[in-house]
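Each chain, written out:
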Amino acid sequence: FGSLIVSRTTRNGTTDDRAQTAVAYVARFPVLSLRAILLRPTLTVAAVSGRGRDGVNVINPAIEAYWHDPKTEVNVHLIWSPQTTRDGVQNWRTKHQLAFFVDSAIFARLFGMLAAPAKD
């Protein structure tokens, strides 16, 4: 249903050395079907240190529209994400992100799915 993510990033040896810790939870909601298109909503809530504000300072809902073409075996994805962040200067602000990409498997092998030997 979701994932808890904890990370620590450090940058040193530069003129702007810094360290940052992030704790985030990604909630994955049930997939909705709109004919041949699947809609996959998620919500990420995070607290990232070093942003000028303590506590929750990232809220990132997203919805992915996913379509698979059975003839060409191509997957088409369109993702919209209005990411809202909070810092010590401008308080809350939202940036809309849009991603469009196409993928396809080049090689796939199922492990543990061996067929039983034929019997005479």
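Draft legend 1. Spatial organisation of the overall build of the protein chain. Assigned secondary structure in the protein chain consists of zero helices and seven strands. The helix and strand sequence of the protein chain, counted from the amino end, reads β-β-β-β-β-β-β. Taken over C-alpha atoms, the radius of gyration comes to 21 Å for the protein chain, far larger than the 14 Å a tight globule of 120 residues would show. Going through the 120 residues of the protein chain one by one, you find that 18% of them count as buried. A separation of at least 24 residues holds for 34% of the contacts in the protein chain among residues at least 6 apart in sequence. Looking at the protein chain as shown, the accessible area adds up to about 9500 Å², and 61% of this sits on carbon and sulfur atoms. The protein chain carries 14 positive and 9 negative side-chain charges, and their two centres are separated by 6 Å.

Draft legend 2. Main features of the packing of aromatic side chains. This model, assessed by the stated rule, comprises zero aromatic pairs. The ring centre of Tyr-66 lies 5.7 Å from the NZ or CZ of Arg-40, which sits over that ring.

Draft legend 3. The arrangement of the pairing of strand β2 (residues 18-28) in detail. Inspection of the sheet shows strand β1 (residues 2-11) paired to β2 by ten bridges, in the antiparallel sense. If you follow Gly-2 over to β2, its bridge partner there is Ala-27. Bridging between β2 and strand β4 (residues 37-48) involves seven bridges; their strand directions are antiparallel. Paired with Val-26 across the two strands is Thr-44, which belongs to β4.

Draft legend 4. Highlighting the nonpolar core. By size, the foremost hydrophobic cluster in this structure holds five residues: Ala-22, Ala-24, Ala-46, Val-48 and Val-58. Elements with a minimum of two residues in this core: β2 and β4. If we ignore the near neighbours within four places in the chain, the residues touching Ala-22 are Ile-5, Val-6, Ser-7, Ala-47 and Val-48.

Conventions we followed
- Residue positions are counted from 1 within each chain, in the order its sequence is given.
- Since the coordinates come from a predicted model, pLDDT governs what is reported: local features require at least 70, and pairs of side-chain atoms require 80 or more to be given and counted, while whole-chain, interface and lining totals use all residues.
- For the side-chain quantities, the full set of heavy atoms in the structure was used; hydrogens and water were omitted.
- The numbering of helices and of strands both runs from the N terminus, where a helix is a DSSP run of H or I of at least 4 residues and a strand a run of E of at least 2.
- We compute the radius of gyration from the C-alpha atoms alone; for a globule the expected value is 2.2 Å times N to the 0.38, where N is the number of residues.
- Buried residues are those whose accessible area, probed at 1.4 Å on protein chains only, stays under 20% of the maximum for their type, while exposed residues exceed 50% and partly exposed ones sit between those limits.
- We call two residues in contact when some of their heavy atoms are within 4.5 Å.
- Residue burial considers only the protein chains on display, and all accessible areas are found by Shrake-Rupley using a 1.4 Å probe.
- The charged-residue count follows a simple rule in which Lys and Arg add positive charge and Asp and Glu add negative charge, with His and chain termini not counted at all.
- Charge placement uses NZ in Lys and CZ in Arg. For Asp and Glu, CG and CD serve respectively.
- Note on aromatic pairs: the rings of Phe, Tyr and Trp (six-membered ring only in Trp) are paired at centre separations within 6.5 Å, and the planes decide the class, stacked below 30 degrees, edge-to-face beyond 60, tilted for the rest.
- Put simply, a charge is over a ring when the Lys NZ or the Arg CZ is close to the ring centre, within 6 Å, and near the line of the ring normal, within 35 degrees.
- By this definition, two strands are paired if DSSP reports at least two bridges between them.
- We define a nonpolar core as any set of buried Ala, Val, Leu, Ile, Met, Phe, Trp, Tyr and Cys residues linked to one another through side-chain atoms lying within 4.5 Å.

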